[in-house]
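What the coordinates show
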Amino acid sequence: MGAMNKVINFTIDGVQVQAQKGETILTVARKAGIYIPTMCYISKTTPCASCRMCVVEAKGVDGFVLSCNTPPTEGVEIITNNDALQNERVNIMKLYDVNHPLECGVCDKSGECDLQNKTLEFNVERQNFSARDQLRPLKKWGLIDYEPSLCIMCEKCVHVCNEVIGDDAIEVQFGGYKSTIIPKGSDVLDCTFCGECIAVCPVGALTSSGFKYRANAWELDRVPATCAHCSAGCPLEYETRHSSINGADEIFRVKNNFEFTSLCGAGRFGFDFENRENSDETAFNRAVEALKNAKAIRFSSMITNEEAHILGLLKEKLGIKLFNEDARVFGEFMRAYSSVSGKLHHSGSLDAIKHSDAVIVIGSRIATDNPGVRYALTTASKHNGAKIVYAHPMEDTLMQNVTTQMMKYEVGTEEGVIALLAHEILKDADIDESERAFFNDLDFGYICAETNIGEEELSFMSKSFARAKKRTLVIGNDLMAHERAANIAKLAALIEKHSDFSLVVVPREVNTLGVSLINSLDHDENIPDVVGYNAKGEFVISSLEGADLAVPALNQQEGTVVSIDNRVLPTNVALQFEGYTLNDIARAFGIEKDETIEYTKELSKVSGFKGIAFDDLENFLSPMGEDNRGYLLDEVVCEANGELEELDDLPEFNGTIIYHCDPVLQFNNYTLKTEQLPKDNFLRGSAQFSVAARISDGDLVEVSFGGETIQRKFKLDDELKGTVALNPTFDISVDAGRYRFEKSKIVRVM
C-alpha cells in the first residue's frame, strides 16, 4: 500500500479503529458507532468548528481536541467522555441557553431542536450565566424568515450556502454577543431560495415563512418519496396532516436528510401540485371511448415507470402510436452513444461529479435545468478545488462562483465544439484508425472560427486539467434535440471510452430516462384523434387542471422513476386521490392488474431493470449517507458498430434568438401550480437584445417561433449579454423535440 493510502490505526474509548487519509476523529467515531455530541457539524460541508461540543481528549496532548477537524495520528488514544469533558459540554450548553427565548411551545423547531435536545441531554436545569439582551428584530426574506434572537451562530447555514448550493448569499456579521447572520453584499437576501439554510438550522432561527406556526413536528406524518421536479432524483419526505378538524389531509412541508442530501427551492416549497378532483364515472367512460378511437397517445415524462409500462401495453393492445418527444430524442441520443460505447448507460453520476477535480459542462444552463448537478459541481469546486469548464452560448451568473473557464461558443455549433473537445482530450489516446482519420480530416480553422472556440482556450483547459485524477463530462439537454445529436452522442461516447472521463447525460424531466428505456416511441405527428396523458390532445387525461379525466399527480402515487444516476427510485403516496388511475383504464381493456405497482417487477430487464417488486425496494440513506434507495440499473452490453460521421456545416443563428429556459424555482406546469413558488414568466434579454428587437423594458411583446406565437412582458436583465433572450416554458407547452435555441420574431404589442 502506498504512503498516500496509509491506514492510521488508533483507539477511541479503547475500541481499535482505522482512519483513511482525510478522515477526522469524528468521522471515524461515527463510522464505528461511537457517539460524540455536536451542534455545528454537518457531514456535507467542511467543519464549522464553532460549537466546541465535539471536544475529546487525546492521551499525551494538553487540553481538549476538536474531533470535527482533527485527523488522528498513529496509535493515539482518544477519550470521548469523562467528567472534564462532561463539565465542558454542560458549560457550553449553558452559554448557548443565555437569553434564548423560552418559546418552545410555539417554535417551529420544537420537538426536533438540537438546542432543546442537548439542553435535556446535559441536564441543564439552571442558568449560571447572564448577559444583557439585545434588540434583534425579525427579518423577513421572502420564503425564509430569520429570527436573530433564536440564532446560536453555529454557521451551518453559511457553510451550506457557500460550499454546497453555491449561492454564497449569507455571512456572519461579527460583533461578539451582537453577532448575526446577514445577506452578503446586499440589504435583502439575494439567492435561489433553496431553503437549505432552513433545513440545517439546529434551532428555530431560520424558518419557512409558509410553514410558520402551522403545525408541530410531532403532529406530522412523514412519507418518504422522490422529488418530482427534475431528473436528479433527490430524496425527500412529505410531511402531512389534516388541515382542520374535519379537513382533508394536506402536505404541510417537505424535509430532506440535510446531513447528506440537498434540495432546491422547487423541491422544498413546490409540493402542493396534487390533484383534488374526485371520481367521475362519465368522464372515465368517455376516456375509454376516446382511446378506442385514438390513433395515438401523447404523454409527458412526468409519470412513473409503471405508468409508462401500462402505456406501452395499451399501444400493443390498441395498435396505436406513442408520442413523447422529450423521451424520444433522449433515447435516440443514448442509442447513438451506445453504438460507440458498447453499453446502454452512461458511466457517471452526481456522486462522480462531487468527487471530480476536473469537469466539463456543455449544452445546458445547468443551474436551473438541474440544480442537483449544480450542487454537485459546487461541492467539487469547494471541496476538491475542481477546475470547471462551462461551455455554453450564454454566461450564467449562478455558475460564476465555481466556473474556472467559460467557453462561450456560437449558438448551434455544438457538434463542432464537442469535436474540438474530443480532439483535445484524445490527442494522445490509443484510438483506432477510422477514429483518428475523423480527427485528421477536421478543418480546425473553420471549426474554431465558426464556434468561436480557439486553440488557446483548449490548451488552457488541458493545462488546468493536467493534474486531475477524477474527470467528468456533463452533457446537457441542449444537445438532445440538436439536428446533429447522433454524432454529438458518438463523440461523447468516444471521450468516455478512450479517456479517464466519466460521462453524465442530463435527462430533462423527472423520468425522461425511465420512459426512454421502457417505451417504443414514435415521432410525434400532427394527426387527429390523439389522447393526451399529462400532455395536449383532443381528449386529455391529466393530473393538471382542465383535464377531461382527472388522474393522480406524482405526489399521490406509488411507483418508480429512473434518475440521472441510472438509479430506479421508489416514490410513495403523500395524499390520497379519490378518482381513477391509468391502471383502471388499462383494466377496461383487459390488461389486468389490481395495483399499478404490480408492474414494477415486470419492467424490462433488457433495459437493465432488475425485476424487483415495489414492496421489496429499499428506501433509506444509511447513517453514513450511503444511498440505499431502489437499485442501480444493470449494465447492458450493446453492439458497438457505430461510426463517426463527417462534420456537417455549422449553422448560423442571426437576429433575435430565444432560448427556452425556465427561471429559478420553475420547471413545468406542476411547479406553476404551486402556491409558494414565484411565477417569473418574463422574456428576459440584454440591452443589446432590446436594441436588436426594438423593444424596451416593460413592453408587452408578441414572440413568434417554430410556428407558435405567445405574448410575454419583456424585462431588461443587466446580467445577460448578446442577442439571445431567455424564454420560460413552465407556463406553456413547447415541443421538447426542438432545439432549445430558436430564431424568433418579436413585435411590440401596441
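Here, the structure is the one placed above.
About the cut-offs
- Residues numbered from 1 in each chain as written.
- Predicted model: local features only at pLDDT ≥ 70, side-chain atom pairs only at ≥ 80, totals over all residues.
- Heavy atoms only, no water.
- Helix = DSSP H or I, 4+ residues; strand = E, 2+ residues; numbered from the N terminus.
- Rg over C-alpha atoms; globule rule 2.2 N^0.38 Å.
- Buried < 20%, exposed > 50% of the residue type's maximum accessible area, 1.4 Å probe, protein only.
- Contact = heavy atoms within 4.5 Å.
- Areas by Shrake-Rupley, 256 points an atom, 1.4 Å probe, with all protein chains shown as cover.
- Lys, Arg positive; Asp, Glu negative; His and termini not counted.
- Charge placed at Lys NZ, Arg CZ, Asp CG, Glu CD.
- Patch = residues over 30% accessible without salt bridge, like charges linked within 9 Å, V, L, I, M, F, W, Y side chains within 5 Å.
- Salt bridge = Lys/Arg side-chain N within 4 Å of Asp/Glu carboxyl O.
- Polar contact = N/O pair within 3.5 Å; in protein donor to acceptor, adjacent residues only side chain to side chain.
- Pairing = 2+ DSSP bridges.
- Axes fitted to C-alpha atoms, helices over the stretch in contact; angles between N-to-C directions.
- Parallel < 35°, antiparallel > 145°, perpendicular 65-115°, else oblique.
- Left-handed = near helix turned anticlockwise from the far one by under 90°.
- 1 Å grid on protein atoms, 1.4 Å probe; cavity = no way out; pocket = protein on both sides within 12 Å on 5 of 7 lines; lining within 4 Å.
- Points joined across faces, edges and corners; volume = space filled by probe spheres on them.
- Nonpolar A, V, L, I, M, F, W, Y, C, P; charged D, E, K, R; others polar.

**A word on the overall build of the protein chain**
For the protein chain, the count of helices and strands is 21 helices and 33 strands. For 750 residues, the compact-globule estimate of 2.2 N^0.38 gives 27 Å, and the protein chain sits close to it at 27 Å. The principal-axis extents of the C-alpha atoms in the protein chain amount to approximately 80 × 70 × 60 Å. In the protein chain, buried positions account for 57% of the 750 residues. The contacts of the protein chain with a sequence gap of at least 6 include a subset with a gap of at least 24, amounting to 72%. Accessible surface, the protein chain: about 31,800 Å² in total, of which carbon and sulfur atoms supply 47%. For the protein chain, the separation between the mean place of its 75 positive charges and that of its 113 negative charges on side chains is 4 Å.

**Considerations on a negative patch on the surface**
Taken together, the side chains of E558, D594, E595, D615, D616 and E618 make up a negatively charged region of the molecular surface. Structurally, E595 is set in the loop between α19 (582-588) and β26 (631-632). When its relative accessible area of 48% is taken as the criterion, E595 is described as partly exposed.

**Some thoughts on the environment of Y533**
Relative to the helices and strands, Y533 is located in strand β21 (residues 530-533). By relative accessible area, which is 2% here, Y533 ends up buried. Sequence separation between Y533 and F323 is 210 residues; the distance between their C-alpha atoms is 10.0 Å. Residues within four places of Y533 in sequence aside, it is in contact with I297, R298, F299, S300, I303, E307, L311, I541, V551 and L582. Engagement of the side chain of Y533 in a polar contact is seen with the side chain of E307, the distance being 2.4 Å.

**So, the pattern of salt bridges**
Going through the model one piece at a time under the given rule, you end up with 48 salt bridges. Between E23 and K31 there is a salt bridge, and its shortest N-O distance comes to 2.8 Å. Across the pair R567 and D627 runs a salt bridge whose closest N-O atoms are separated by 3.9 Å. Remark: D627 occurs in the loop between α19 and β26 and R567 occurs in strand β25 (residues 567-571); sequence separation between them is 60 residues. Residue classification places R567 among the buried residues on the basis of a relative accessible area of 14%. Looking at D627, the relative accessible area reads 27%, which means it is partly exposed. Here the salt bridges share partners, and the residues they tie into one network are E112, R222, E237, E239, R253 and K255.

**Thoughts on the environment of V530**
Relative to the helices and strands, V530 resides in strand β21. Given the relative accessible area of 2%, V530 is considered buried. Considering only alpha carbons, one finds V530 and P570, 40 residues apart in sequence, at a separation of 30 Å. Ignoring sequence-local partners within four residues, the contact set of V530 consists of A296, I297, R298, F323, G537, E538 and F539.

**Some details on the environment of A481**
For A481, the location among the structural elements is in the loop between β19 (471-475) and α17 (485-498). A residue is classified by how much of its surface remains accessible, and A481, at 14% relative accessible area, is buried. When the C-alpha positions of A481 and R508 are compared, they lie 11 Å apart, and in sequence the two are 27 residues distant. Excluding anything up to four places from it in sequence, A481 contacts A736, G737, R738 and Y739.

**Quick word on the sheet that holds strand β10 (residues 206-208)**
If you trace the three strands from one edge of the open sheet to the other, you get β6-β7-β10, paired in antiparallel fashion. Edge strands, defined here as strands with exactly one partner in the open sheet, are β6 (139-141) and β10. Across the sheet, the mean angle separating the axes of adjacent strands is 25° when strand polarity is ignored. Looking at chain direction, strand β7 (residues 144-146) and β10 are connected through three bridges and run antiparallel. Counted as the bridge partner of I144 is S208 from β10.

**Topic: the packing of helix α14 (residues 433-440) against α17**
Viewed as axis vectors pointing N to C, α14 and α17 meet at an angle of 120°, and their least axial separation amounts to 13 Å. Classified by the interaxial angle, the pair formed by α14 and α17 is oblique. Here α14 runs over α17; the crossing is left-handed. Counted together, E435, F438 and F439 of α14 and N487, L491, L494 and H498 of α17 form the full contact between these two elements.

**A word on the sheet that holds strand β13 (residues 249-255)**
A sheet is described by the order of its strands in space; here three strands give the open sequence β11-β12-β13, paired in antiparallel fashion. A single partner strand is all that each edge strand has here, and the edge strands are β11 (221-226) and β13. Taken over all neighbouring pairs, the strand axes of this sheet differ in orientation by 35° on average, direction set aside. For β11 and strand β12 (residues 235-242), the ladder comprises six bridges, and the chain directions are antiparallel. Paired with R222 across the two strands is E239, which belongs to β12.

**Structural notes on empty space enclosed by the protein**
Going through the model one piece at a time under the given rule, you end up with 11 cavities of 30 Å³ or more. Looking at the largest cavity, its volume works out to about 350 Å³. Every residue lining the largest cavity is counted, 24 residues in all, and those nearest its centre are D369, N477, R508, T729 and R740. Looking at the lining of the largest cavity, the elements with two or more residues in it are α9 (325-341) and α11 (366-369). Split into classes, the residues belonging to the lining of the largest cavity amount to nine nonpolar, seven polar and eight charged. The computed volume of the second largest cavity comes to approximately 120 Å³. What lines the second largest cavity is a set of 15 residues, among which C264, A367, P371, V664 and L665 lie closest to the centre. Of all the secondary-structure elements, those providing two or more residues to the lining of the second largest cavity are α6 (265-269), α11 and α12 (371-384). Per element, the largest residue contribution to the lining of the second largest cavity is three residues, and it comes from α12. Within the lining of the second largest cavity, the residues separate by chemical class into 10 nonpolar, four polar and one charged.

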